[in-house]
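Here is how the chains run, residue by residue.
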Amino acid sequence: MTDLDWEIRELGHPQLRKPANPVLDIAEPDTQRLLDNLLTFVVQKQGMGIAAPQVGISLQIFIMCSHPNQRYPNAPVMKPACILNPTILHYSTEMEKDWEGCLSIPGLRALVPRSNAIDVAYDTRQGERVQIRYTGFLARLFQHEYDHLQGRLFIDHVDSTLDIMTEKQWRNTLSTMA
Ligand SMILES: [Zn+2]
């Protein structure tokens, strides 16, 4: 289980800016073990998701594991999903801004405009190609993780630097608004 000593690459690390490679051998034991380790790791880190490039692995893989927590009390509960070789087939023109953070950018939050709904295709860990529509929070999460496979980060999308806050200030602001 040495894989789980993974260090998360943080903003400025060149790995986060490199497009990831397709996974060609989904059934291989090495790939399946990597997926198991990513699932364990994202739970350990209490993330909503993690993409392979964040732990230094340049493959088109991410985990989505939405669940309500302090930062996102309204996040839907989902069974953690392994997403391999994803593409976004369609983006809704309606956009919405909401707060995002990232394990690779600790201490910062930003208001990020994203499409409300997306149609996507990806390979499951069983090697089956599926198509699905995501809306709302899950559409946002998918777009955030998908960005990691393209070498993009959420801060690339902000309309203004005024939409960026430190985590501490974000918590203060939210509590004064509540
Ligand atoms: Zn991220």
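Details of the structure are given in the entry above.
Rules used in this analysis
- Residues numbered from 1 in each chain as written.
- Predicted model: local features only at pLDDT ≥ 70, side-chain atom pairs only at ≥ 80, totals over all residues.
- Heavy atoms only, no water.
- Helix = DSSP H or I, 4+ residues; strand = E, 2+ residues; numbered from the N terminus.
- Contact = heavy atoms within 4.5 Å.
- Polar contact = N/O pair within 3.5 Å; in protein donor to acceptor, adjacent residues only side chain to side chain.
- 1 Å grid on protein atoms, 1.4 Å probe; cavity = no way out; pocket = protein on both sides within 12 Å on 5 of 7 lines; lining within 4 Å.
- Points joined across faces, edges and corners; volume = space filled by probe spheres on them.
- Nonpolar A, V, L, I, M, F, W, Y, C, P; charged D, E, K, R; others polar.
- Donors = N, O, S within 2.8 Å, 3.2 Å for Na, K, Ca; no water.
- Buried < 20%, exposed > 50% of the residue type's maximum accessible area, 1.4 Å probe, protein only.

Engineer: Account for the environment of Arg 114, naming residues and giving values.
Structural biologist: Structurally, Arg 114 can be placed in strand β5 (residues 108-115). Not counting the four nearest positions on each side in its chain, Arg 114 is found in contact with Glu 94, Met 95, Glu 96, Glu 100, Arg 140, Gln 143, His 144, Asp 147, Phe 154 and His 157. Only 2.9 Å separates the side chain of Arg 114 from the side chain of Glu 100, close enough to count as a polar contact.

Engineer: Any details on the layout of surface pockets? Residues and values, ideally.
Structural biologist: Roughly 450 Å³ of internal volume is contained in the largest pocket. Among the secondary structure elements, those contributing two or more residues to the lining of the largest pocket are β4 (95-100), β5 and α2 (136-150). Per-element accounting of the lining of the largest pocket gives the leading share, six residues, to α2. The residue makeup of the lining of the largest pocket, split by class, is 10 nonpolar, nine polar and seven charged. Space inside the second largest pocket adds up to approximately 340 Å³. Around the second largest pocket, the lining is made up of 17 residues, and of these Tyr 72, Asn 74, Asp 98, Trp 99 and Phe 137 lie nearest the centre. Going through the elements one at a time, β4, β5, α2 and α3 (167-177) are the ones with two or more residues in the lining of the second largest pocket. Class assignment of the residues belonging to the lining of the second largest pocket gives a composition of seven nonpolar, five polar and five charged.

Engineer: Give a detailed account of the coordination of the zinc ion, specifying residues and quantitative values.
Structural biologist: Coordination of the zinc ion by the protein is provided by Cys 102 (SG), His 144 (NE2) and His 148 (NE2), with metal-donor distances spanning 2.1 to 2.3 Å. All donors of the zinc ion come from a single chain, and their spacing in sequence reads C-x41-H-x3-H. Of this pair, His 144 and His 148 both sit in helix α2, four residues apart, roughly one helical turn. A relative accessible area of 2% means that His 148 is categorised as buried.

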